[in-house]
Amino acid sequence: MHRLFGKMKKRLLAACLSASLLLGSTAMAALPEIISLQDVKPGMWGTGYTVVDSSGEIRPFDVEVVGILGDNSKMSAKRILVNLYGDLIEETGGAISGMSGSPIYFGGRLAGALSAGYKDMYPTQRIMLTPIEDMLKIWQYPDTLNRTKFPQLDLRKLKAEREKFQAAEAKKEADGKAASDEHEDASVAVPDEHEADPVADTEVAEVQDAAAEAEKDAAADVLADTEEKNTYFASGFGSKGMKLLQEGMGRLGMKLDYDNVWDAGASVMQARPDAVLEPGSPVGVALSVGDFSFGAMGTVTAVDDKKILAFGHPYTHRGNVNYFMTDAQVISTIHGPTNGMKLGNVNGIIGRINQDRQDGVGGILGQMPQTVPVIVTVHDRDTGRSVTYNSMLAYDEEVVSVLAPVVVYSSISNTLDRQDGSTASLKFSLRSNYGEKGLIERRNMFYDAEDVAKVSIGELNDILGVILGNKEKEPDLLDLKVDVTVERGRKTATLISAVPSKKDVLPGEKITFDTTIQPYRGEKIKVTVPYTVPKAQAPGNLALDVHGGGLVNVAKILLAQQAAIDAGVNMDEEPPVSIQLQDMLASNCNNEIIIESTVVVPKNDDELKESIKKAKKQAEQLAKQESNNAGRNNNAPQEPAPVNKAATEYIIENIIHTNVNVLEMK
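Residues numbered from 1 in each chain as written. Predicted model: local features only at pLDDT ≥ 70, side-chain atom pairs only at ≥ 80, totals over all residues. Heavy atoms only, no water.

### Side note on the overall build of the chain
Turning to step 1, where the next piece is worked out: Regarding its fold elements, the chain presents 12 helices and 32 strands.
Turning to step 2, where the next piece is worked out: Considering the chain as a whole, with its 666 residues, one finds that 49% of them fall into the buried category.
Turning to step 3, where the next piece is worked out: Contacts in the chain between residues far apart in sequence, at least 24 positions, make up 75% of those at least 6 positions apart.
Turning to step 4, where the next piece is worked out: Counting only carbon and sulfur atoms, one obtains 50% of the accessible surface of the chain, whose full area is about 32200 Å². (Helix = DSSP H or I, 4+ residues; strand = E, 2+ residues; numbered from the N terminus. Buried < 20%, exposed > 50% of the residue type's maximum accessible area, 1.4 Å probe, protein only. Contact = heavy atoms within 4.5 Å. Areas by Shrake-Rupley, 256 points an atom, 1.4 Å probe, with all protein chains shown as cover.)

### Some points on the nonpolar core
Nonpolar side chains in soluble globular proteins tend to end up buried together.
Turning to step 1, where the next piece is worked out: Of all hydrophobic cores here, the largest spans 97 residues; its most connected members are F237, F294 and Y315.
Turning to step 2, where the next piece is worked out: Among the elements that take part in this core, helix α7 (residues 397–416) stands out by supplying 11 residues, more than any other.
Turning to step 3, where the next piece is worked out: Those residues in contact with F237 that sit more than four places away from it in its chain are M242, L245, S288, F292, S293, F294, L403, V406, V407, S410 and N414.
Turning to step 4, where the next piece is worked out: By size, the runner-up hydrophobic cluster in this structure holds 22 residues, among which are V505, F513, A646 and Y650. (Core = buried A, V, L, I, M, F, W, Y, C linked by side-chain atoms within 4.5 Å.)

### As for the sheet that holds strand β27 (residues 525–532)
Turning to step 1, where the next piece is worked out: What the 4 strands build is an open sheet, ordered β27-β26-β24-β31; its pairing is mixed. Looking along the sheet, the strands with just one partner apiece sit at the ends: β27 and β31 (651–652).
Turning to step 2, where the next piece is worked out: Strand direction decides the pairing type here: strand β26 (residues 510–519) and β27, joined by 8 bridges, are antiparallel. Residue pairing across strands places T516 opposite K526, the latter belonging to β27. (Pairing = 2+ DSSP bridges.)

### Describing a nonpolar patch on the surface
Turning to step 1, where the next piece is worked out: Together, L506, L663 and M665 make up a nonpolar patch on the protein surface, roughly 260 Å² of accessible area in all.
Turning to step 2, where the next piece is worked out: Of note, L506 is situated in the loop between β25 (504–505) and β26.
Turning to step 3, where the next piece is worked out: A relative accessible area of 33% means that L506 is categorised as partly exposed. (Patch = residues over 30% accessible without salt bridge, like charges linked within 9 Å, V, L, I, M, F, W, Y side chains within 5 Å. Salt bridge = Lys/Arg side-chain N within 4 Å of Asp/Glu carboxyl O.)

### As for the pattern of salt bridges
Turning to step 1, where the next piece is worked out: Counting across every chain of the model gives 19 salt bridges.
Turning to step 2, where the next piece is worked out: Of the charged contacts in the structure, one is a salt bridge between E459 and R442, with a shortest N-O distance of 3.0 Å. Linking E459 in helix α9 (residues 458–468) with R442 in strand β22 (residues 439–448), this pair joins segments that are 17 residues apart in sequence.
Turning to step 3, where the next piece is worked out: In this structure, R490 engages E653 in a salt bridge whose closest nitrogen and oxygen atoms are separated by 3.0 Å. Of this pair, R490 sits in the loop between β23 (477–488) and β24 (492–500) while E653 sits in the loop between β31 and β32 (655–662), and the two are 163 residues apart along the sequence.
Turning to step 4, where the next piece is worked out: Relative accessible area serves as the criterion here: at 35%, E653 is assigned to the partly exposed category.
Turning to step 5, where the next piece is worked out: The network of salt bridges with common partners includes D380, D382, R418, D420 and R488.

### Observations concerning the sheet that holds strand β29 (residues 592–597)
Turning to step 1, where the next piece is worked out: Spatially, the 5 strands line up as an open sheet ordered β25-β32-β28-β29-β30, and their pairing is mixed. Each of the sheet's edge strands pairs with one partner strand only, and the pair in question is β25 and β30 (645–647).
Turning to step 2, where the next piece is worked out: Examined bridge by bridge, β25 and β32 share 2 bridges and lie parallel to one another. Paired with V505 across the two strands is V662, which belongs to β32.

### A few points about the environment of S422
Turning to step 1, where the next piece is worked out: You can see S422 is positioned in strand β21 (residues 422–436).
Turning to step 2, where the next piece is worked out: Judged by its relative accessible area of 1%, S422 falls in the buried class.
Turning to step 3, where the next piece is worked out: The sequence separation of S422 and R490 amounts to 68 residues, and the corresponding C-alpha distance is 5.9 Å.
Turning to step 4, where the next piece is worked out: With sequence-adjacent residues up to four places away left out, S422 is seen in contact with F446, Y447, D448, V452, V486, E487, R488 and G489.
Turning to step 5, where the next piece is worked out: Separated by 3.0 Å, the side chains of S422 and D420 make a polar contact. (Polar contact = N/O pair within 3.5 Å; in protein donor to acceptor, adjacent residues only side chain to side chain.)

### Observations regarding the packing of aromatic side chains
Turning to step 1, where the next piece is worked out: Applying the stated criterion across every chain yields a total of 8 aromatic pairs.
Turning to step 2, where the next piece is worked out: For the ring pair F292 and Y389, a centre distance of 5.5 Å and an interplane angle of 40° mean the geometry is tilted. Remark: Y389 occurs in strand β20 (residues 385–394) and F292 occurs in the loop between β11 (282–290) and β12 (293–304); sequence separation between them is 97 residues. Each member of the pair, F292 as well as Y389, carries the same accessibility label: buried.
Turning to step 3, where the next piece is worked out: A centroid spacing of 6.1 Å and a plane angle of 90° characterise the contact between Y315 and Y323, whose relative ring orientation is edge-to-face. The two residues Y315 and Y323 agree in class, both being buried.
Turning to step 4, where the next piece is worked out: Taking the ring centre of Y434 as reference, the NZ or CZ of K473 above it sits at 5.1 Å.
Turning to step 5, where the next piece is worked out: Geometry around Y520 places R490 over its ring, the cationic atom sitting 4.8 Å from the centre. (Phe/Tyr/Trp six-rings, centres within 6.5 Å; stacked < 30°, edge-to-face > 60°. Lys NZ or Arg CZ within 6 Å of the ring centre and 35° of its normal.)

Here's what the structure looks like:
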């Protein structure tokens, strides 16, 4: 009788609390009274709240306390062990992914959030709760991000721009002039380039966060073999893009289960600056939004004015972060014997997630995270199809380095909708605080027999790695634009011959080579390549290599490295980022024909020393000549470095040899 009365009392309390949650949805929620962990005892009954269907109703479920884990250990995360009951739990099959953060109340007081269960166990038993006392500490951590030298996007302005864009599109359609690009209507509004100029004199504060490091070192024993009850969503990447995304997320410490990621559906991400959340509401944390969206869905635990707590466990566990907070709409649930998940959509950016900690995530409603817009246009010559993809990445160095190449890859892969031998011509423009006038540009051609999209992103990946890996200063990335044209087939060519315009030449003389290339299954083509004889070249035979720009002269690199070592250069020291970028951007392209002096690979140490000796002597002679020329005319403009190459419309695959006879200067 007493147990029956207790259940009736508990259900009445749940109904009253549920009603108060619904009534509170029209006003900003405030933090309720909490119950301390020390007051939570085994045998207590409480109520949790979450959303499990398209009605959006925040429904209750029953919670029974089994015990407390980690209460006596400084090295363990404290957790409340509970069992779950009720109609909702029977409907979902237990505590499923997406329920992370569901608030749990005892006697009307907030105790914490449903957070994790044991792997491969029935999800209705032995579920863990994260105490609210530990979650509240998340709001006390310093927030030093979102202060790059570029202005922050405003949610209200973003919403207004999108509404203006949609109205213009609707008018076009009404006039019978709708754009043919099927993805244009699903693009994310990004700021005008002129509005996004750098703001000077804004410094990024550096705050040591010792507590965050302590969290990482103090790995919780009780969480060693558990699974967090949130669910990942992704949109736009396609199957091949998802596999690449899975690899990249591993670098962020995220174990992404490709088979259990649901497609978020529509790619439109509207701004909702006035969104209101309440405990039990679904909420999303996203690393990218737009045509390519990726994140996780969980449940709100607590709200205090504009501040929210959710999940009850980490997302990426990277401390102070700069991620998108999104709304979420639950459509239904699915479950199996040992796990399940919520299914739904995310549509709006409603704020910024600024903390990602051991005991949950925290965020601020109405605040927009700093972003990096990524705009990719892909032209498929075979189908005549051109598509432009718009996405925004959360401004986080690791996130951008992982997601930007994946977004470019997925854009190409999705547009082609085929996997065969293709050739791509790709150009990217990266605006940042690097490069001449803040712009880094690179164009190159690529061919692959199976997946040209994958080889095409290699250089972008390398350059982003150098910029984002800078040990001296924090980078400021404004945006990334990529334009790529792909056509089916192999646009490669083989060098057949290279004939100099003069056989006898003088040091410093400019000549040309008439080269012949044989395109794959095509007619031979003549290409004229300029060449300047080195000013310090010794008289006699000058052997030359004529090759494609993508072919690396290993012997030349080895000799240069050995000469640097002999000169006392520390090869373990990394060159400055500006030098690395300069070298990468000046590197030869795959479709170029290059002419350079032949480097003979030394057969032994004596030949190696002799090669280095000759190289040094030539360098000294050249330096002396330049010094003499400068002395004659200090005002004379510096002569640009010789360009011993020519671009073609084909990727040059081989190397041939030729020579000229260098005469002695009189």
